[in-house]
Amino acid sequence: MLLAMAVELCLLLLLFCGSTISEVQPIYKPPPGTLDFGFVPARTYDTGAYHEPGPIGILFKIVHAFLYLVQPNSFPQDLIRKLAQQKFGNTQSDYQKQIDYLVSQYNTTKDKALSDLNNVGPLLGSRVQEQLGKEVRPALDAALTMAGAIRETKEALENVSVSVEVLQEGTERLHANLTDVKMHLSNTLNDSACSAVQAASTCNIIRNSLSQLNINANFTGLPGVSSQLAKVNEVLKVDLSSLVQKGYAAFNDTPDLVVNQTRNILSDIKNVLESIGANISSFTKTLPVQKILADLTVYLTQSEAYVQDYFPVVEQYDFYRWLGCLILCCMVVLILIFYYLGLLCGTCGYDKHASPTTRGCISNTGGNFLMAGAGFSFLFSWLLMIVVVLTFVTGGNVEKLVCEPFEDKTLFKVLDTPYLLNQHWKNYLSGILFKNPNINLTFEKVYSDCKENKGIYTSLHLENLFNVNEFLNISMYTEDVALKIEHIQINLSKIILLDEIGKENLLNFSSSGIDGINFSAYLTEINKSVTKVDLLSFANDLEARADQLPKGALENALKGHANNIRMIHNQQVVPLEQAMSTLNQSIRLLKRTSSELMVKVKNVVSAVNAAQLLINNNASQVIVQETKKFMDTVIGYFEQYVEWVTESIAMEVAACKPIANVIDTAVDIFLCSYVTDSVNTFWFGLGGSSMFLIPAIIFAVKLSKYYRRMDTEDVYDDSVEQW
């Protein structure tokens, strides 16, 4: 009996919870989302139609499990459809801000396009210049390089002329000085001191080496380069570098030429852009969303008024519901109180040695409480059972026929059954909205789209009333722009890369005669040493041999000649070697420059002519190609804008999440979570309590027999006493 009453108390608590749980549940609110292209103004909705029952939720699940036991069949779709067909064959400011924002973003596109058009010189002109520069710049670079080669040739010829003159004079003076040295050395060696036995062999060796003191290279026979230098100087009277720089400057003025020749067309394009903005603004005003929002607002207003009218009645009936539940709970509590008091008094006052006629007052009171509990159980059980049956039938069927089908969207599939709500309409929702029941618009799809917070345009398939893609066809807006841009005509014939004077100057250089210089004669002499013997080595050797002689005048004289030879080397041979090095570099430079000089010059002139021909005759093709690319860039801004507007209208403008919220709040939260779960929990707890009243009555009646005072005394078995 204690176990039965404990379970009954638990079910009573469930009963209280089931009747009050609908008043304390929070609603989850997820954060609003963001947009990719700016932020379309949007109201923040409570997008989470969600009910969290709290710890008592485990009892709700127990109730659901019990429902699956008593009603294992799935939702009877066919039956409901038949019943519906038999009985129901016949049932703005935020938006304007969003539209204004979409229209205002056109200014971003327009400003970017105007920026490119205002900078048509740096953009289009630079593109044209870049393409033409692939041939023009190498030609001008080659001409500029040739101008530098002319200057280097002049310097090399001057170096050759000066170096040859220096070498001729220097070798002549060196020859004279070496002759004097040989003569003085010969006189010294003829001295009587050399006849001595110790000096004779040394003097003979020195005497035999005197023939080496002579010049080796002979520059007197080299041809002059004065004629070539005169012709090159004549060529340099024309500043070829300046002429080439003028060509560069003329070619670099291409962006300015583009700006000057496109001013009128740019003005027309700007007017077209302004007209496009006006068209887009007028387009947004023709969207049918405003009308649909107005209709929905009327429905919502009517519904709100209906709720406000009947809300006092609902509150009154809710009080009656609360009072009725309280009375039923008090009945069960009263029975439990009697049972607990009976157990308490009976247990405390029980005396196993007392006879039934002599039991105490406390024990007798406990027995009377138990019998009172049993009596009230019989008195209230029929009412409790009726309430349990009624709430079970109501709550169980709402859970199985409404809540579960709503959760798995089976309910929407039933509503979407063709010809269900109207025997003449295949799709009821499209028939109501568009007066066209053949449009595939279903309750399930609309609810799912609104649940994802998509725009009304997408959710309600408003493209059947107004096709945004057709109106915002990019070709409608860009055709005029493309035509204006295609009419851009740019004439670059005023660009002169190199005039005839510059070309003639190049040809004159090629005929300057530097290729006729006898380079082999120069290189033959240059490759020789200035003297036949290294004077420093000769002087050192002479001084060493003088040391082999006996101390005296002969030794000192020979050392004096050695020092004289060193001085001649430092003062005359070294400058001559430097002059020969300069001559060597200049001759080799001239040889490289003169190699196929005529061919090189003709190639440069041909390259310049080809580049000039490209500018004069074929630049129009390049201009057309680059103009097309420029046009695609400008039109690309409009394509991006139109794509963003279309996406925003479809997904962001007039988001229909509130519609899903209304349905979720009415069905899932209010009807299913707040009402149905509470009703099911109530009948489950009340029914469980009523069920345990049966064993409680049996135990109470049996147990009261041992607590109550009897009028007559009975005979008890030992087994009964031990019980």
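Predicted model, so just to flag it, every value in this text is computed and none were measured.

For the rest of this paragraph, the subject is the overall build of the protein. Counting its secondary structure elements, the protein contains 25 helices and zero strands. Counting only carbon and sulfur atoms, one obtains 57% of the accessible surface of the protein, whose full area is about 38500 Å².

Okay, a nonpolar patch on the surface next. Together, Tyr306, Tyr310, Phe311, Val313, Val314, Tyr317, Phe319, Tyr320, Trp322, Leu323 and Ile327 make up a nonpolar patch on the protein surface, roughly 1100 Å² of accessible area in all. Here Phe319 shows up in helix α11 (residues 289–349).

Here we take up unusual backbone geometry. Even without being glycine, Lys409 reaches a positive phi, approximately 65 degrees. With respect to the element layout, Lys409 can be found in the loop between α12 (361–407) and α13 (410–415). Residues other than glycine seldom take positive phi values, yet Tyr419 does so here, at roughly 65 degrees. You can see Tyr419 is positioned in the loop between α13 and α14 (428–434).

This next bit is on the pattern of salt bridges. Side chains carrying opposite charge are able to pair once their charged atoms draw close together. A full pass over the atoms with the stated rule returns 12 salt bridges. Between Lys503 and Glu500 there is a salt bridge, and its shortest N-O distance comes to 3.6 Å. Of the two residues, Lys503 and Glu500 both sit in helix α19 (residues 500–510), three residues apart, roughly one turn of that helix. Given a relative accessible area of 57%, Glu500 falls into the exposed group.

A few words on helix α8 (residues 240–252). Compared with an ideal rise of 1.5 Å per residue, which puts 13 residues at 18 Å, α8 spans 18 Å between its outermost C-alpha atoms and is within 8% of the ideal. Three or more residues of α8 are buried, namely Leu240, Ser241, Leu243, Val244, Gly247, Tyr248, Ala250 and Phe251.

All right, on to the state of the cysteines then. Per the counting criterion, the structure on display carries two disulfides. Note on cysteine connectivity: Cys450 is disulfide-linked to Cys656, with sulfurs 2.2 Å apart. A torsion of -115 degrees about the S-S bond marks the disulfide between Cys450 and Cys656 as left-handed. Of this pair, Cys450 sits in helix α15 (residues 443–451) while Cys656 sits in the loop between α23 (597–651) and α24 (657–704), placing them 206 residues apart in sequence. Assigned by exposure class, Cys450 and Cys656 land together as buried. No disulfide involves Cys330; its sulfur sits 7.0 Å from the nearest other cysteine sulfur, which is in Cys329. The thiol of Cys345 is unpaired, and the distance to the nearest cysteine sulfur, on Cys348, comes to 7.0 Å.

Attention shifts here to the environment of Leu334. If you trace the backbone, Leu334 turns up in helix α11. The spatial distance from the C-alpha of Leu334 to the C-alpha of Ser377 is 9.5 Å, given a sequence separation of 43 residues. Apart from the residues lying within four places of it in its own chain, the contact partners of Leu334 are Phe376 and Phe380.

Quick look at the side chain of Asn422 now. Position of Asn422 relative to the elements: it lies in the loop between α13 and α14. We classify Asn422 as buried; its relative accessible area is 13%.

This next bit is on the side chain of Asn214. With respect to the helices and strands, Asn214 occurs in the loop between α6 (197–208) and α7 (226–235). Beyond its immediate chain neighbours, meaning those up to four positions away, Asn214 contacts His175, Leu178, Lys182, Thr531 and Lys532.

Formed by 137 residues in total, the largest nonpolar core has its most connected members in Leu492 and Tyr522. When residues in this core are grouped by element, the largest group, 22 residues, is from helix α5 (residues 120–189). What Leu492 contacts, discounting residues up to four positions off in sequence, is Val128, Leu132, Thr254, Leu257, Ile615, Ala619 and Ile623.

Overall, the coordinates contain 12 aromatic pairs when judged by the stated rule. Ring geometry for Tyr101 versus Trp644: centroids 6.1 Å apart, planes at 70 degrees, classification edge-to-face. Placement of Tyr101 in helix α4 (residues 93–118) and of Trp644 in helix α23 is noted, with a sequence separation of 543 residues between them. On the basis of relative accessibility, which here comes to 18%, the residue Tyr101 falls in the buried class.

Mean pLDDT over the protein stands at 76; residues scoring 70 or higher make up 80%. Within the protein, no element has a lower average pLDDT than helix α1 (residues 2–20), which sits at 39, and none a higher one than α12, at 88. Low pLDDT, under 50, characterises residues 1–36; the stretch is placed with 73 contacts to residues that sit more than four places away or in other chains. The low-confidence segment residues 719–723, where pLDDT is below 50, has three contacts with residues more than four positions distant or belonging to other chains.

Here we take up α6. An α-helical turn contains 3.6 residues, so a residue and the one three or four places further along point in the same direction. Turning to α6, its buried residues are Ala199, Thr202, Cys203 and Ile206. The arc enclosing the buried residues of α6, seen along the axis, measures out at 105 degrees, which places them on a common side. Structural note: α6 exposes Val197 and Asn208 on the side pointing more than 90 degrees away from its buried face.

Quick notes on the rules
Here the residue numbers are simple positions, counted from 1 along each chain's written sequence. With pLDDT at 70 or above as the cut-off, local features in this predicted model cover only qualifying residues; side-chain atom pairs require 80 or more to be listed or tallied, and sums for whole chains, interfaces and linings still use all residues. Computation of side-chain values covers all heavy atoms of the structure but excludes hydrogens and water. For helices the rule is a DSSP run of H or I covering at least 4 residues; for strands it is a run of E covering at least 2, with both sets numbered from the N terminus onward. To measure how exposed things are, a 1.4 Å probe is used in the Shrake-Rupley method; for residues, cover is taken only from the protein chains shown. Patches in this entry comprise residues that are over 30% relatively accessible and not in a salt bridge; like charges within 9 Å are linked, as are nonpolar side chains (Val, Leu, Ile, Met, Phe, Trp, Tyr) within 5 Å. The term salt bridge refers to a pairing of a side-chain nitrogen on Lys or Arg with a carboxyl oxygen on Asp or Glu at a separation within 4 Å. Only protein chains enter the accessibility calculation, which uses a 1.4 Å probe. A residue is then buried if its area is under 20% of the maximum for its type, exposed if over 50%, and partly exposed in between. Here the expected length of a helix is defined as 1.5 Å per residue gap, with one fewer gap than residues. To count as a disulfide, a pair of cysteine sulfur atoms needs to be within 2.5 Å. It only takes one pair of heavy atoms within 4.5 Å for two residues to be counted as in contact. Only buried residues count toward a nonpolar core, which is a set of Ala, Val, Leu, Ile, Met, Phe, Trp, Tyr and Cys residues joined through side-chain atoms within 4.5 Å. Pairing of aromatic side chains requires ring centres within 6.5 Å, counting the rings of Phe and Tyr and the six-membered ring of Trp. Pairs whose planes differ by under 30 degrees are stacked, by over 60 edge-to-face, and all others tilted. A score from 0 to 100, pLDDT tells how confident the predictor is in each residue. Summarising the geometry, the arc corresponds to the directions from the helix axis toward the C-beta atoms.

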